[in-house]
Amino acid sequence: MGSTSDLATVQGKQPLFSFGVISDVQYADISDGYSFIGVPRYYRHSIQVLQRAVQKWNNHGMLKFVMNFGDIVDGKCPQADSLNAVKKITNEFRKSNCPVYHMIGNHCLYNLAREKLLPILEISSPDGHAYYDFSPSPEYRIVVLDGYDISAIGWPRDNPKTLEALEFLRKKNPNSEKNSPDGLLGLERRFLMYNGAVGGEQMKWLDDVLQDATKLKQKVVVCCHLPLDPGVSYQEALLWNYDEVMNVIHQYNCVKVCLSGHDHKGGYSIDFRGIHHRSFEAALECPPGTDAFGYIEVFDDRLMLVGTDRMESTDMHFKP
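Everything numeric here is computed off the predicted structure, so don't read it as measured data. (Residues numbered from 1 in each chain as written. Predicted model: local features only at pLDDT ≥ 70, side-chain atom pairs only at ≥ 80, totals over all residues. Heavy atoms only, no water.)

Draft legend 1. Representation of the overall build of the chain in the model. When you go through the chain residue by residue, the secondary structure sums to eight helices and 14 strands. Since a compact globule built from 320 residues should have a radius of gyration of about 20 Å, the 18 Å found for the chain is in line with a globular shape. With respect to the three principal axes, the spread of C-alpha positions in the chain is 55 × 45 × 40 Å. Buried positions account for 59% of the 320 residues belonging to the chain. Contacts in the chain between residues far apart in sequence, at least 24 positions, make up 67% of those at least 6 positions apart. Total accessible area on the chain stands at roughly 13400 Å², and carbon and sulfur atoms take up 51% of it. Here the chain contributes 33 positive and 40 negative side-chain charges, whose respective centroids are spaced 1 Å apart. (Helix = DSSP H or I, 4+ residues; strand = E, 2+ residues; numbered from the N terminus. Rg over C-alpha atoms; globule rule 2.2 N^0.38 Å. Buried < 20%, exposed > 50% of the residue type's maximum accessible area, 1.4 Å probe, protein only. Contact = heavy atoms within 4.5 Å. Areas by Shrake-Rupley, 256 points an atom, 1.4 Å probe, with all protein chains shown as cover. Lys, Arg positive; Asp, Glu negative; His and termini not counted. Charge placed at Lys NZ, Arg CZ, Asp CG, Glu CD.)

Draft legend 2. Structural context of the sheet that holds strand β9 (residues 255-260). The strand order β6-β7-β8-β9-β11-β10 describes an open sheet built from six strands, whose pairing is mixed. Two strands lie at the open edges of the sheet, namely β6 (132-137) and β10 (267-270), each paired on one side alone. Neighbouring strand axes in the sheet, compared pairwise and without regard to direction, differ in orientation by 15° on average. With four bridges connecting them, β6 and strand β7 (residues 140-144) associate as antiparallel partners. Counted as the bridge partner of Ser137 is Tyr140 from β7. (Pairing = 2+ DSSP bridges. Axes fitted to C-alpha atoms, helices over the stretch in contact; angles between N-to-C directions.)

Draft legend 3. Focus on the packing of aromatic side chains. In the structure shown here, the tally under the stated rule is 13 aromatic pairs. For the ring pair Phe17 and Phe65, a centre distance of 6.2 Å and an interplane angle of 35° mean the geometry is tilted. Remark: Phe65 occurs in strand β4 (residues 65-68) and Phe17 occurs in strand β1 (residues 17-22); sequence separation between them is 48 residues. Take Phe65: its relative accessible area is 2%, and that puts it in the buried class. Summarising the aromatic geometry, the rings of Phe168 and Trp240 are spaced 4.8 Å apart at their centres and angled 25° between planes, so their arrangement reads as stacked. Note that Phe168 is positioned in helix α6 (residues 160-172) and Trp240 in the loop between β8 (219-224) and α8 (242-249), a separation of 72 residues in sequence. Taken together, the ring pairs connect Phe17, Phe19, Phe65, Tyr101, Tyr132, Phe134 and Tyr140 into an aromatic cluster. (Phe/Tyr/Trp six-rings, centres within 6.5 Å; stacked < 30°, edge-to-face > 60°.)

Draft legend 4. Structural context of the sheet that holds strand β13 (residues 302-309). If you walk across this open sheet you meet the six strands as β5-β4-β1-β12-β13-β14, and the pairing is mixed. With one partner strand each, in any of the chains shown, β5 (100-102) and β14 (314-317) form the two edges of the open sheet. On average, adjacent strands in this sheet sit at an angle of 20° to one another, irrespective of strand direction. Across four bridges, the pairing between β1 and β4 is parallel. Bridged to Phe19 within β4 is Phe65.

Draft legend 5. The arrangement of the environment of Glu164 in detail. As for its position among the elements, Glu164 is in helix α6. Spatially, the C-alpha atom of Glu164 lies 18 Å from that of Val245, the residues being 81 residues apart in sequence.

Draft legend 6. Quick look at the pairing of β14. In the sheet, β13 pairs with β14 via four bridges, with the strands oriented antiparallel. Paired with Arg302 across the two strands is His317, which belongs to β14. In sequence, β13 turns back onto β14 through a hairpin of four residues.

Draft legend 7. Looking closely at empty space enclosed by the protein. For the structure on display, the rule yields one cavity of 30 Å³ or more. Of the voids in this model, the largest cavity is the one considered here, and its volume is about 30 Å³. As for the largest cavity, its lining consists of Pro227, Leu228, Val232, Cys258, Leu259, Ser260, His277 and Arg278. Listed by contribution, the elements that provide at least two residues to the lining of the largest cavity are β9 and β11 (276-279). Element by element, the count of residues in the lining of the largest cavity is highest for β9, at three residues. Split into classes, the residues belonging to the lining of the largest cavity amount to five nonpolar, two polar and one charged. (1 Å grid on protein atoms, 1.4 Å probe; cavity = no way out; pocket = protein on both sides within 12 Å on 5 of 7 lines; lining within 4 Å. Points joined across faces, edges and corners; volume = space filled by probe spheres on them. Nonpolar A, V, L, I, M, F, W, Y, C, P; charged D, E, K, R; others polar.)

Draft legend 8. Structural context of the pattern of salt bridges. Inspection of every chain in the model, using the stated rule, returns 18 salt bridges. Residues Asp263 and Lys265 are paired through a salt bridge, measuring 2.9 Å at the closest nitrogen-oxygen approach. Residue classification places Lys265 among the exposed positions, given a relative accessible area of 53%. (Salt bridge = Lys/Arg side-chain N within 4 Å of Asp/Glu carboxyl O.)

Draft legend 9. Up close: the UniProt feature "domain: Calcineurin-like phosphoesterase" (unreviewed entry) in the chain. In the UniProt entry, the feature "domain: Calcineurin-like phosphoesterase" (unreviewed entry) is given for residues 18-265. Along residues 18-265 one finds 31% helix and 16% strand; the C-alpha atoms at either end are 24 Å apart. (UniProt positions renumbered as here; feature names shortened; annotations may be inferred.)

Draft legend 10. Molecular detail of the layout of surface pockets. There is about 520 Å³ of room inside the largest pocket. The wall of the largest pocket is formed by 24 residues, among which Ser35, Phe36, Arg41, Tyr194 and Tyr234 lie closest to the centre. Per-element accounting of the lining of the largest pocket gives the leading share, three residues, to helix α4 (residues 106-111). By residue class, the composition of the lining of the largest pocket is eight nonpolar, seven polar and nine charged.

Listed below in C-alpha cells is the structure:
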C-alpha cells in the first residue's frame, strides 16, 4: 500500500495537522482464541498494543488528536466484567496527551447498551446517536458516522431502530442464525446481524455537513467502524447500506478519504470517483510483541498513513 518514493517526496514539508489511529483493540481478560474463520486473537495482549500506541503518539509530540475506530472490548468479555473492561481501555486512551475521539463498533454494543457506552466514550448525544463532525483545521472536516444507527444490537429491544433492523434482516437473510452468510451471494453477504446501517436522519445530517463543507471549501475525511467500499474489505464486513451512503458522498467533491475498522486484515482501495478507502489492521490480531497502530499526516493534497509494524504505511494522494 502506497509507494516508498511517494512517501519520500513529502519529507521536509510540514503537514497541516497529524492524528493517531488504532482500531479493534477488543480487549478481554480471557485466554487467546480464534475468529470464526480461524484467525488467532490475542485478547490480553491487545491492551499492550494500545499502551505502546499511546506512548508512541505522546512521543510524537505534534498530534492534534487520536481517532479510535471502534470495538475496544471483545464480545467474549464476560458480561460481569464488561463495564470495568470498557473503563480500563478508555483509561488507557486518556493517557494520550491529545484529545481522543471514539466511534462505536458491534463489540462495544455487545458489552454495553448505548446509554451506558456513549458517556464513557464522551460521545455527547441526547438521543443516543453516535455521529458527529469537527474541524481540526480550517481546511479540513472530520465526519464520524454511526454505522449501527439501524442495528439489532445496542438499542432497547422495542426501539424502532431495532425493529427496523430485525425486519431488514428477516427479508435479506433467510438463515435462522442471522450472523451466518450461508446461501448469501456476493455483496449480499453483508446482511449479517453484526453489521448495521446509517438511518435516514443521519443520512440527511451527512448531506447537510457535506453541503456546509463544500461552501467552506473544506476537504472531508469520513470515518466509520464499518467499511464503505467493497474493494477495501471482505463482503461480510460492509455497512448494510454502504451504497446509499456513498451515493450521498459522491454528490460532492469535498470527500477525499474514507477510513474504517471492522475488517481486521486491513485494506486499501480507490473507488470510481477517486475517493481513497483504508480499513485498518486490528490490534486484537497482533501476536505478542507485535503492533498495529499509526498516525496520519494531513496535507493539502494527500493523507499519509505512517503505520507501525502490522499496520502498513499508505500514501493517499488526491487532487486538492
